[in-house]
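# Fold and contact review
In case you want the letters, here they are:
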There are 2 protein chains.
Amino acid sequence: MKMLQGNIVNKTIEAEEIENYIGQKIKIHGSIYKIRKMSGFAFVLLRTKRKIVQCVYNEEFSQFDLNLLKEESSVYVTANVVKEERSKTGWELRILEAKVLSMPQEELPIVINNKIVDTSMENLLDFRPITLRNEKERAIFKLQEGICNGFRTFLLGQKFTEIHTPKIVYAGAEGGANIFKLDYFGKEAYLAQSPQFYKQMMVGVFERVFEIAPVFRAEKHDTSRHLNEYTSVDFEMGYIESFEDIMEMETKMLQFIMDYLQETYSYELELLKVALPDVAEIPSIKFKEAKELISKEYKREIKDFDDFEPEEEKLLSKIIEKNTGSHFVFVTHYPSKKRPFYAKEDRNNQEETLSFDLLFRGLEITTGGQRIHDYNEQVEKMKKRQMTVELFESYLMMHKYGMPPHGGLGLGLERFTIKLLNQDNVRLATLFPRDIHRVTP
Amino acid sequence: MKMLQGNIVNKTIEAEEIENYIGQKIKIHGSIYKIRKMSGFAFVLLRTKRKIVQCVYNEEFSQFDLNLLKEESSVYVTANVVKEERSKTGWELRILEAKVLSMPQEELPIVINNKIVDTSMENLLDFRPITLRNEKERAIFKLQEGICNGFRTFLLGQKFTEIHTPKIVYAGAEGGANIFKLDYFGKEAYLAQSPQFYKQMMVGVFERVFEIAPVFRAEKHDTSRHLNEYTSVDFEMGYIESFEDIMEMETKMLQFIMDYLQETYSYELELLKVALPDVAEIPSIKFKEAKELISKEYKREIKDFDDFEPEEEKLLSKIIEKNTGSHFVFVTHYPSKKRPFYAKEDRNNQEETLSFDLLFRGLEITTGGQRIHDYNEQVEKMKKRQMTVELFESYLMMHKYGMPPHGGLGLGLERFTIKLLNQDNVRLATLFPRDIHRVTP
């Protein structure tokens, strides 16, 4: 019987280690990203796990025919690391030998190895398995890894417990028609619009919990900011004294993430030319006041007193940036009728909820607030909304048997990412986006 | 306009900090887990984020009526930390004052504050929002957090990139009837049985990727080891020389996780009486040889030459433990006809695949293997299986335009957790399990 001992043999070095081998011969592996023929020599760009490495091919030292290499073939390369002060890296990689592991079957239908993939959004997404191989396209998702990691590290540090809640559910948390239905062994079930019910239940267990997982919205909107499946960063915390405790926690989380990205993902930040926003202070304004401010500043008539138009969110962000310099703004006290049945109302004004959204560069990236923790208060509000209380028996169990005051938020990972990049279409920050027209690849 | 600066004010201390306050007055908060009345005094057990803290109520120093406290109410407590050498902790917490934040509406229908929740599996799951409040029940999921964290930390350290792939998909990776169907805006779509297609595509992008996310199986099995939704730990890596590279990586991952849990989750390990298995070496045996070994050792007739019966997995684990001491065993070279269309076959024997399962204490917790990376080889195998190649156009794109040799695995988080606990029913390691009969809570 064979015994495995966890022996990981690295026969090649990582791109990040090359600088330690100046004057030596190394082995490295990767995919041929680009071959740039010059007069008398060629640059061969190797795509490694995180970085593109430039190698030099020259018949003087390269002991093979350059025509054996093809873009998108996988290779092992033997090379000399030669000191070269004119190079940005301080070294030059001279290929001696190359061993081809695999070859593409056909030439790529789209050019993916220029600075950007210069094609339509449709092509970019239709050919996702290969367009993601572009240096900048993939850097977006390396950065997104960093964002998740940063959030997670921060929340664990604040003693939140990471949980996994079901995505097949018996009732929607957000209500409404925007829910995917499923045949579950003859019963009707749904895809979770958010982990709301479950993260609240888990506050009764761990006090502070978070989850980073997919959520599903059957919204028919066909806009640059809607996805039908996205990754939600959700946290929920007990023993709050005010819903502002949640906003303070999010502010601190954002401060942490900016430092974390700067420290750990500077390579991607530079490649994508991301200037991280200042989050030392985030202004907060009441919904009503925000409405009036926008109306006054831009001489717009207020048409909808209960919600923002998307255009208004953009205008508000502009005003706030002009007045305070902040790219973020909290909007609080949303009207009760626009918030879900579990939102806690302001004791002084039942028409308003102790809730907030966070806007980032004109886009809502977070919705949060304090929840009702008292059983009678919750049941009453459901009845007022003509909901069938019996259907929510297992949700209301936590209220019935005791819950601390609590609240939380959900942050859309793709929306946060795209705004960090200072771009608009959330599809660009989604590996394989799902929208009303798209379920492939 | 108000400005938020990320001010997190902790008015209370954490349970883990109490020992630093001997001789001082502290504030702490939590839920009343249990009130144990003795003669002349009472123990009040407080459930905090991770630990249960024992406080002492005595009219001599407690300035309130004990009847004001109720199990499962949320409270702020002021207490003196008094040195007490007879106590395991070295201190005693004397309650001076208590401020009740919230009260349960009704008494609990199930006793949750004994050593174990002594009830049927059905009740345990029907009342999940409250049975999870039991000290040991919840510890399982704190430990599970540690398992995820350990896996993630290890994989990031090995330069894997964490990804998020869609759960609404256009085709199943595993094939067969065990797939949930969905109406996606008038089109038919499915719930992902695994991130297989996407993690392979992402090997073409980042070389090494992983995902920890839900997967969905519409299996009608009603057993202790099946869930219809579970959390899958998936990784996939390029530039492998053999499928054993994947097994070595998993072995090293398991070695890492055991050390990590011992270091970081010893509180839960002790509470749950978990003895971590030795993973210095994991034996590996070929499927055929394993079949023969079981047959010989237990004088069983081999009925199914292509797959294990669940009973055989248990017997194999027993034999391996007896012979080597290992609680884990890799089984390799599964018959081709029982493995998916993307499994790479052994060059020397096309009937066998370069694949493996990992059994842990009698239960299969991992399936993995090398995948086909060559376009023609993949198309040919699909044709041989009478698959409609055109339906897989976007999957085959990566093969067509170049892929390195690669492979990976999926590990069932709940199965791994339950076996670590040396128990049998995966439902016990799932916060809110989904099985053929259960979609609530």
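This is a predicted model, so every value here is computed, not measured.

Rules used in this analysis
- Residues numbered from 1 in each chain as written.
- Chains lettered and ligands numbered in written order.
- Predicted model: local features only at pLDDT ≥ 70, side-chain atom pairs only at ≥ 80, totals over all residues.
- Heavy atoms only, no water.
- Helix = DSSP H or I, 4+ residues; strand = E, 2+ residues; numbered from the N terminus.
- Buried < 20%, exposed > 50% of the residue type's maximum accessible area, 1.4 Å probe, protein only.
- Lys, Arg positive; Asp, Glu negative; His and termini not counted.
- Salt bridge = Lys/Arg side-chain N within 4 Å of Asp/Glu carboxyl O.
- Polar contact = N/O pair within 3.5 Å; in protein donor to acceptor, adjacent residues only side chain to side chain.
- Contact = heavy atoms within 4.5 Å.
- Phe/Tyr/Trp six-rings, centres within 6.5 Å; stacked < 30°, edge-to-face > 60°.
- Lys NZ or Arg CZ within 6 Å of the ring centre and 35° of its normal.
- UniProt positions renumbered as here; feature names shortened; annotations may be inferred.
- Domains from an automatic or database assignment.
- Buried area = accessible area lost by both parts, 1.4 Å probe.

All names here are of chain B. Structurally, the position occupied by Arg-361 is in the loop between strand S17 (355-360) and strand S18 (363-371). Notably, Arg-361 is buried but unbridged: the nearest opposite-charge side chain belongs to Glu-321, and the N-O separation is 6.6 Å. Within the structure, Arg-361 has its side chain in polar contact with the side chain of His-327 (distance 2.9 Å). From its side chain, Arg-361 meets the backbone oxygen of Leu-420 in a polar contact 3.5 Å long. Contact partners of Arg-361, with chain neighbours within four places excluded, come to Ala-275, Pro-277, Ser-317, His-327, Lys-419, Leu-420 and Asn-422.

Attention now moves to the packing of aromatic side chains. For the coordinates displayed, the defined rule picks out 48 aromatic pairs over all chains. Aromatic pair Phe-41 of chain B and Phe-43 of chain B: ring centres 5.2 Å apart, planes at 85 degrees, arrangement edge-to-face. What makes Phe-43 of chain B buried here is its relative accessible area of 16%. Within the aromatic cluster, the residues linked to one another by ring pairs are Phe-197, Phe-341, Tyr-342, Phe-392 and Tyr-395 of chain A. In this structure, Lys-142 of chain A is placed above the aromatic ring of Phe-206 of chain B, and the distance from its NZ or CZ to the ring centre is 6.0 Å.

Let us look at the environment of Asn-20 of chain B. Residues and elements named next belong to chain B. With respect to the helices and strands, the residue Asn-20 is situated in the loop between strand S1 (2-4) and strand S2 (25-37). Given the relative accessible area of 53%, Asn-20 is considered exposed. Linking Asn-20 and Arg-361, residues 341 residues apart in sequence, is a C-alpha distance of 42 Å.

With that out of the way, let us pick up the UniProt feature "binding site: ATP" (unreviewed entry) in chain A. As recorded in UniProt, the sites labelled "binding site: ATP" (unreviewed entry) are Arg-217, Ala-218, Glu-219, Arg-225, His-226, Leu-227, Glu-364, Gly-412, Leu-413, Glu-414 and Arg-415 of chain A. Among the secondary structure elements, Glu-219 of chain A is positioned in the loop between strand S11 (208-216) and strand S12 (229-238). Discounting chain neighbours no more than four positions away, the residues touching Glu-219 of chain A are Asn-178, His-226 and Asn-228 of chain A together with Phe-185 of chain B. For Glu-414 of chain A, the position within the fold is in helix H11 (residues 413-420). Leave out the neighbours within four places in its chain, and Glu-414 of chain A touches Gln-144, Leu-227, Tyr-230, Thr-231, Val-426, Ala-429 and Thr-430 of chain A.

A few words on the domain arrangement of chain A. Where interface size is given, it is often the accessible area lost as the parts come together that is meant. Residues and elements named next belong to chain A. If you check the domain split of chain A, you get domain 1 (15-102) and domain 2 (135-429). For domain 1 and domain 2, the distance between their C-alpha centres works out to 46 Å. Across the boundary between the two partners, domain 1 contributes seven residues, which contact seven residues of domain 2. Contact between domain 1 and domain 2 buries roughly 650 Å² in total, counting both sides, with carbon and sulfur atoms accounting for 43%.

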